[in-house]
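Examining the three-dimensional arrangement
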Amino acid sequence: MDPHLIKLPRIVLIGNGVLEKIPEMCREMKAEKNVLVLADSITKRVAGERIREMVKGSLEIVHDSTLAEAGRISKSWKPGLVISAGGGRVIDVGKKVAQDAGCLFVSVPTAPSHDGIASERLSLTGQNGMKYSIRTKPPAAIVADIGILRNAPYELIASGAADAISNCTAVEDWRLARDEQGEYYSEYAASMALLSSEIVIKSAKLIHEKKERGIRNLVEALVSSGISMSLVGSSIPASGSEHAFSHALDAMKIGKLHGQQCGLGTILMSYWQGGDWERIRDSLRELGSPVTAKGIGIEKETVIKALLSAREIRKRYTILDKKPLDREEAEEICIKTGVFS
Ligand SMILES: [Zn+2]
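For the structure given in this document, a descriptive report is provided here.

Remarks on the coordination of the zinc ion
Ideal values differ by geometry: the angle at a metal is 109.5 degrees with four tetrahedral donors, but 90 or 180 degrees with six octahedral donors. Coordination of the zinc ion by the protein involves D163 (OD), H243 (NE2) and H258 (NE2), with metal-donor separations of 2.1 to 2.2 Å. For the zinc ion, the donor residues sit on a single chain with the sequence spacing D-x79-H-x14-H. Of this pair, D163 sits in helix α6 (residues 154-165) while H258 sits in helix α12 (residues 258-273), placing them 95 residues apart in sequence. The exposure class assigned to D163 is buried, which follows from its relative accessible area of 0%.

Remarks on the sheet that holds strand β8 (residues 141-145)
Strand order across the open sheet formed by six strands is β1-β8-β5-β4-β2-β3, with parallel pairing between neighbours. Every interior strand has two partners, whereas the edge strands, β1 (11-15) and β3 (58-61), have only one. Taking each pair of neighbouring strands and ignoring which way they run, the sheet shows an average axis angle of 15°. Relative to strand β4 (residues 81-86), strand β2 (residues 35-39) is paired through four bridges, and the arrangement is parallel. Each residue of the ladder has a partner; that of L36, found in β4, is V82. The strands that helix α2 (residues 43-55) touches are β2, β3, β4 and β5 (104-109); relative to β2, the one it contacts most, it runs at about 175°.

Re the environment of E212
Within the fold, E212 resides in helix α10 (residues 212-232). Residue classification places E212 among the partly exposed positions, given a relative accessible area of 31%. The spacing of E212 and L149 is 63 residues in sequence and 9.7 Å in space, taken between C-alpha atoms. When sequence neighbours within four positions are dropped, the list of residues in contact with E212 reads N16, I146 and R150.

Calculation rules
Residues numbered from 1 in each chain as written. Predicted model: local features only at pLDDT ≥ 70, side-chain atom pairs only at ≥ 80, totals over all residues. Heavy atoms only, no water. Donors = N, O, S within 2.8 Å, 3.2 Å for Na, K, Ca; no water. Helix = DSSP H or I, 4+ residues; strand = E, 2+ residues; numbered from the N terminus. Buried < 20%, exposed > 50% of the residue type's maximum accessible area, 1.4 Å probe, protein only. Pairing = 2+ DSSP bridges. Axes fitted to C-alpha atoms, helices over the stretch in contact; angles between N-to-C directions. Contact = heavy atoms within 4.5 Å.

This is the structure we're talking about:
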């Protein structure tokens, strides 16, 4: 097997009140000058302004998750360190601005809404309205303040939990790609990704009750999921056919939460893989994440269209290549799993 370079975050801080440790962390990374803090109009109040004050840096508001917005910020600043305090949009723009400046990036998630908080990938919309997935370095540091994350809107928390659970179908697809296509497979990264899924399934009740231990398990699961991707330098441990289904919905501009879409996809793809889809559905239900088309607010026909186009959305071998779906089968899956009830 070819050797490959593994890049990982240097510092991962998880706990109550760890936001206050940011200045110390900057000193440790020798990145105290020209710190640019990014936030949106809500997360600036939650964390952005406090961080700016502590690091004596500048604060810029991120308006949308487009390449143009990242370009605008990159033109205005020459940062020595970029710290993003926010959700997916702010974090992905921050990753791009840090990449443009060639400086380190620190991720300070304000909601545990998906595993992008710790990953080396970013997804931004281009001028043509298409989403671009770009590989960059993993964040140099991740600061996950449980006190802040616990107070995020619950819908975002449940969405992050569903994103972690989706690793189970992603790893199953990865095994299939290894067996059928000779795809590189890392036992370690696969186990790590699966562990994230397992711990969230087992913590569903604690997460739903917003118990500190539940939120901590969820955050650690999302960070581990991001690290499993860094280990292989690809999103493959955490993104299989269920993510292809979600990307197909994105392409139709459905605009539901990433984790919610992936959660629905995980039920459907687990059924098609012959997995324990009922356990997945039950834990999503316990989390309060949608398990039906009606629950997520998507037309039945849209679900069918996404299932039928998922295979074409990305060049990654999955169960949809081994067992391509026709319309009748797509409908049958949705009925059998209760997604159409
Ligand atoms: Zn995801």
